[in-house]
Amino acid sequence: MANVTILAAGHTRSRIQVKPLEESDALNRGTELISEAFIFTVAGGTIVWEYARTQEKNRLKEVKKAAQEQEYRDYAHAHIGRLEAQVAEMEAQLARVEASLGELAERKGRGASGKGGGGGE
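What you are looking at is a predicted structure, and each value in this text was computed from that prediction instead of being measured.

**Student:** Please clarify how the overall build of the protein chain should be interpreted in this entry.
**Tutor:** Along its length, the protein chain carries one helix and two strands. The helix and strand sequence of the protein chain, counted from the amino end, reads β-β-α. Residues classed as buried in the protein chain amount to 0% of the 121 residues present. Carbon and sulfur atoms make up 61% of the accessible area of the protein chain, which totals about 11200 Å².

**Student:** Before we go on, may I ask you to explain a nonpolar patch on the surface in this structure?
**Tutor:** Taken together, the side chains of Phe38, Ile39 and Val42 present a nonpolar region at the surface, about 320 Å² in accessible area. Here Phe38 shows up in helix H1 (residues 23-118).

**Student:** In this structure, what is going on with the confidence of the model for the protein chain? I would like to understand it.
**Tutor:** The predicted model of the protein chain has a mean per-residue pLDDT of 87, with 79% of residues at 70 or higher. The least confident element of the protein chain is strand S1 (residues 2-6), whose mean pLDDT is 62; the most confident is H1, at 92.

Reading the values: the criteria
- Residues numbered from 1 in each chain as written.
- Predicted model: local features only at pLDDT ≥ 70, side-chain atom pairs only at ≥ 80, totals over all residues.
- Heavy atoms only, no water.
- Helix = DSSP H or I, 4+ residues; strand = E, 2+ residues; numbered from the N terminus.
- Buried < 20%, exposed > 50% of the residue type's maximum accessible area, 1.4 Å probe, protein only.
- Areas by Shrake-Rupley, 256 points an atom, 1.4 Å probe, with all protein chains shown as cover.
- Patch = residues over 30% accessible without salt bridge, like charges linked within 9 Å, V, L, I, M, F, W, Y side chains within 5 Å.
- Salt bridge = Lys/Arg side-chain N within 4 Å of Asp/Glu carboxyl O.
- pLDDT = per-residue confidence, 0-100.

The following block contains the structure:
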């Protein structure tokens, strides 16, 4: 038997006796401990890797979404610019048409007053 000193929270030094293990039992327990530690490490590493992969996937999705939104905004601004140019052109055409109509009305008014007043005398 081996004497072991235990220091635990709230306990003073106490000695217990531990029965020695047979070599085959010690070997079995050691291999079990190592295999469980290996499995735990692989499982933990897999969880960390999967989490990092998911985070990267989400980050790429956000980048793609932001790029699509920016592309849509650029398209909308360009389209609005074209529409504003068309409106300005239409306003210019309307002004020319109104000016032409004004000239026609003025000519018609002069022509009607010139015919009635000058022919009777």
